[in-house]
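# Close look at the chain arrangement
Residue strings, one per chain:
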Amino acid sequence: MSSFSTIYDRVIRPSRKLEAVNFSELWFYRELFWQLAWRNVLVRYKQTAIGLAWAVLQPLLTMIIFTVLFEKVAKLPSGGAPYAMVTFAALLPWQFFSNAVTTGSGSLVSSQNLITKIYFPRLLIPASAVAGNAIDFGITLVLMFMLMAWYAVGVSPLLLLLPFFFALTAAAALGLSLWLGALNVKYRDVSHVVPFLTRIGLYVSPVGFISAVIPEKYKLAYYTLNPMAGFIDGFRWSILGAGYEPWWPGLLSGSLVTLLVLITGAYYFRSAERRFADII
Amino acid sequence: MSDPIISVRGLGKKYHLGIASRHDTLRDRLADTAARLFRRKETSSAATTEFWALTDVSFDIQPGEVVGIIGRNGAGKSTLLKLLSQITEPTTGEIRLRGRVASLLEVGTGFHPELTGRENVFLNGAILGMTQAEIRKKFDEIVDFAGIEKFLDTPVKRYSSGMYVRLAFAVAAHLEPEILIVDEVLAVGDSAFQRKCLGKMQDVSARGRTVLFVSHNMAAVTRLCQRAILMQDGKVVMEGPHQKVVPAYLHGGFSTMSEKAWPPGKRPGSSSAHLLSTRLRRLDGSTCETADIREPVGIETRYEVLTNGQIMIPNYHVFNEDGTCLFVISDIRSPWYRQPRPAGVYESVAWIPGNYLAEGTLIVGVALTTPQPEQVHYYERDVIACQVVDRMEGDSARGDYGLQLPGVIRPLLEWQTQTLN
């Protein structure tokens with residue numbers, strides 16, 4: 001304990017207007033981060049009859065509905081691979097993203113009792129909420145491999161890029177959660193906006209269709225305004241192979257927007273967090 | 001003397017009253033901004049109501065000291081703790097801390113009802129700043145202290161409130177901080193468990209840790225702390241050995257008074273009755289701040305009934321300094337018991353006999369109720385208080401015994417002693 005004494009020696013005083021993220025402190029609290037993330041996973045499936053199977057059922061049913069709707073009814077092109085696979089490869093990141101943003105943006109308000117009673121870096125709250133969804137993602141990923149075997153889709157080396165696209169998706173979810181979570185403390189309107197956003201997002205992102213159907217002249221705007229579109233393309237590419245190469249300018253602009261949201265989110269969060277306990 | 005482990009200089013905390021309610025939704029904010037654009041002056045007035053919960057608080061605490069922070073409700077004690085615990089940020093001044101801080105503003109912070117006892121121990125331990133290795137090492141001790149071995153794998157939502165509190169406190173008790181900040185957590189659980197908690201805190205201080213302890217329980221402050229800091233209206237008004245500060249708080253007008261009257265317009269009540277004044281009095285009619293244990297003490301209220309025809313029953317709620325309710329009493333002897341009252345001003349006095357309650361603080365809440373359908377016209381909690389003292393002249397129940405006596409009542413009973421054979 002005494003070896004940590006330097007981190008415990010501290011001066012508490014009114015903070016400056018703009019505070020950067022204190023990474024050494026976050027590192028110090030890493031165990032709490034895992035505990036909180038694990039709690040989020042445990043709590044979600046406690047007292048449910050089929051537990052983690054929910055993590056499988058939701059994307060599976062959505063996949064079936066989308067396949068029927070977009071392939072059979074709307075007759076959209078699949079780009080070569082089985083339509084079910086095309087949808088599922090997109091649902092994989094989208095489901096993670098939308099769950100992460102939902103839990104992340106509501107996390108601070110639902111941690112009210114912690115915020116008003118004890119100190120730890122507040123950033124851990126939305127970050128652990130986002131991280132807690134990684135378990136569901138992992139389970140869905142396993143299902144994905146089973147579907148690939150079922151549809152006899154070959155595995156390509158591009159699959160190694162999957163963690164990279166996952167990281168981008170997680171960064172987007174975290175960035176948005178920082179903004180929305182901190183805003184939610186002050187304006188509970190956010191909790192009404194988020195379900196609406198994720199529902200709309202599911203239809204305007206290339207989940208039920210492939211991005212090739214987007215007209216050329218709108219492409220840049222589309223990918224910039226919705227970075228998830230580029231990341232979904234990335235997932236399809238790494239799972240389904242070369243035929244699904246993403247549109248690189250779109251992926252790049254989307255990544256830059258994500259980075260911007262993440263950095264500004266962190267600064268906004270840091271400046272807002274000092275009032276959390278007073279106004280929550 | 002070595003360097004202080006806690007050093008507070010010029011600490012202040014300002015709250016903006018009304019902001020939280022004013023800008024709760026984005027719509028309000030937009031409306032407010034729009035209104036300001038059109039230069040409506042009155043819109044900004046409500047938002048600028050400021051309130052200083054703490055002003056210019058400075059003190060030092062040496063390593064190993066156990067310090068009690070006392071003061072009546074609203075004196076700024078909780079705000080000070082929140083600042084020391086880093087939960088909220090000071091507006092002015094600074095705090096220097098040298099050492100690991102554990103703050104217990106409540107027990108069981110972060111306990112999740114859906115999780116089992118075992119899971120909650122690990123989660124709560126981590127929240128309080130213990131490492132996983134530390135928790136694993138102390139796990140058996142914690143479970144043992146709480147006495148809940150059999151229910152370790154049951155979700156805590158199925159625990160009785162006693163079990164819940166014991167487990168929560170057990171985790172907190174096994175923290176090994178250099179600085180422990182405690183807020184009234186001893187006000188929970190049964191008295192056996194409270195004693196266990198006090199014992200644990202004594203252990204902590206015996207091991208040379210620094211403890212900062214906020215409490216209304218003067219007996220606990222006196223027992224645990226060497227030094228006390230008395231706060232009033234957001235300022236430190238007195239600090240020093242508890243022998244000096246605790247009596248000053250209890251007798252010197254810093255604490256709840258034994259008499260209170262409300263001016264017109266501020267009177268608590270309903271449209272049919274309101275409270276004018278209340279006090280504790282002696283038989284001779286004088287107001288009593290300190291009552292001899294042998295003397296009767298009267299709880300008096302004066303109230304005005306504004307409308308004819310309702311049944312109204314005054315009732316008094318008496319607590320001791322630990323927050324234990326000693327009794328609740330209704331006036332069933334008055335001529336208006338079960339009878340509608342005509343409008344008018346009334347006085348009701350209930351007499352607590354002498355040689356009845358133990359020494360200590362009596363804290364009284366007064367209420368006026370209409371039964372069936374029940375309507376509470378007013379209930380002023382903890383509104384007046386007085387000290388009951390035992391002068392130890394040998395004719396009270398303690399006889400010549402001079403040390404601390406337990407028990408909330410101290411009646412003089414009929415004894416029969418005779419020699420046999």
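Residues numbered from 1 in each chain as written. Chains lettered and ligands numbered in written order. Predicted model: local features only at pLDDT ≥ 70, side-chain atom pairs only at ≥ 80, totals over all residues. Heavy atoms only, no water.

## Concerning the confidence of the model for chain B
All names here are of chain B. Per-residue confidence for chain B gives a mean pLDDT of 84; residues scoring 70 or more make up 86%. Here residues 19-23 scores under 50 on pLDDT; set against residues more than four positions off or in separate chains, the count is 12 contacts. Low pLDDT, under 50, characterises residues 40-47; the stretch is placed with 9 contacts to residues that sit more than four places away or in other chains. Reported for the predicted complex are a pTM of 0.73 and an ipTM of 0.83. (pLDDT = per-residue confidence, 0-100. Contact = heavy atoms within 4.5 Å.)

## Observations concerning the interface of chain A and chain B
How large an interface is tends to be reported as the accessible area lost when its parts come together. If you look at the interface, chain A gives 33 residues, while chain B gives 51 residues. When the two sides are added together, the surface that chain A and chain B hide from each other amounts to roughly 3900 Å², 56% of it contributed by carbon and sulfur. Scanning the region where chain A abuts chain B turns up 4 salt bridges. The closest approach of N and O atoms between B:Lys13 and A:Asp278, which form a salt bridge, is 2.9 Å. Across the chain A-chain B interface, the total number found is 10 residue pairs in polar contact (both at pLDDT 80 or more). (Buried area = accessible area lost by both parts, 1.4 Å probe. Salt bridge = Lys/Arg side-chain N within 4 Å of Asp/Glu carboxyl O. Polar contact = N/O pair within 3.5 Å; in protein donor to acceptor, adjacent residues only side chain to side chain.)

## Quick word on the packing of aromatic side chains
One pass over the structure, following the stated rule, counts 23 aromatic pairs over all chains. Note on A:Phe137 and A:Phe235: the rings are 6.0 Å apart at their centroids and 85 degrees apart in plane angle, and the pair reads as edge-to-face. A residue pair is termed long-range when its members are at least 10 positions apart, and A:Phe137 in helix α8 (residues 134-150) and A:Phe235 in helix α12 (residues 227-240) qualify at 98 residues. Note on A:Phe137: relative accessible area 8%, which makes it buried. Centre to centre, the rings of B:Phe111 and B:Tyr164 are 5.2 Å apart; their planes meet at 70 degrees, and the pair counts as edge-to-face. Of this pair, B:Phe111 sits in the loop between β5 (101-104) and α5 (117-127) while B:Tyr164 sits in helix α7 (residues 161-173), and the two are 53 residues apart along the sequence. For B:Phe111, a relative accessible area of 5% corresponds to the buried category. An aromatic cluster is defined as three or more aromatic residues linked by ring pairs; in this entry it consists of A:Phe66, A:Phe70, A:Tyr203 and A:Phe209. (Phe/Tyr/Trp six-rings, centres within 6.5 Å; stacked < 30°, edge-to-face > 60°. Helix = DSSP H or I, 4+ residues; strand = E, 2+ residues; numbered from the N terminus. Buried < 20%, exposed > 50% of the residue type's maximum accessible area, 1.4 Å probe, protein only.)

## A closer look at the nonpolar core
Judged by nonpolar contacts, the single largest core of 104 residues is most densely connected at A:Phe120, B:Ile6, B:Leu80, B:Leu84 and B:Phe213. No other element matches α7(B), which puts 9 residues into this core. Setting aside residues no more than four positions away along its own chain, B:Leu80 makes contact with B:Leu11, B:Leu54, B:Val57, B:Phe59, B:Ile69 and B:Met231. Counting residues in each nonpolar core, the second largest holds 54 residues, with A:Met148, A:Ala170, A:Leu202 and A:Val207 among its members. (Core = buried A, V, L, I, M, F, W, Y, C linked by side-chain atoms within 4.5 Å.)

## Notes on the pairing of strand β14 (residues 313-319) of chain B
All names here are of chain B. Among the 7 residues of β14, 6 are classified as buried, and the element is accordingly described as predominantly covered. Sheet analysis places β14 next to strand β17 (residues 360-370), joined by 7 bridges and oriented antiparallel. The partner of Ile313 across the bridge, within β17, is Thr369. Two strands pair when backbone bridges link them, and β14 and strand β15 (residues 325-330) are joined in this way by 5 bridges, in the antiparallel orientation. Bridge pairing links Tyr316 to Ile329 in β15. (Pairing = 2+ DSSP bridges.)

## Examining the environment of B:Lys13
Looking at the element boundaries, B:Lys13 is found in strand β1 (residues 6-16). The spatial distance from the C-alpha of B:Lys13 to the C-alpha of B:Leu80 is 8.6 Å, given a sequence separation of 67 residues. Contacts of B:Lys13, omitting those with residues within four sequence positions, involve A:Asp278, B:Phe51, B:Trp52, B:Ala53, B:Leu54, B:Thr79, B:Leu83, B:Thr88, B:Glu89, B:Pro90 and B:Thr91. A polar side-chain atom of B:Lys13 sits 3.0 Å from a polar atom in the side chain of B:Thr88.

## A look at the side chain of B:His317
Residue and element names in this part refer to chain B. Topologically, His317 is positioned in strand β14. What makes His317 buried here is its relative accessible area of 13%. Polar contacts involving the side chain of His317 include one to the side chain of Asn315, which spans 2.8 Å. Those residues in contact with His317, other than ones at most four positions away along the chain, are Phe327, Val328, Ile363, Val364, Gly365, Ala367 and Tyr379.

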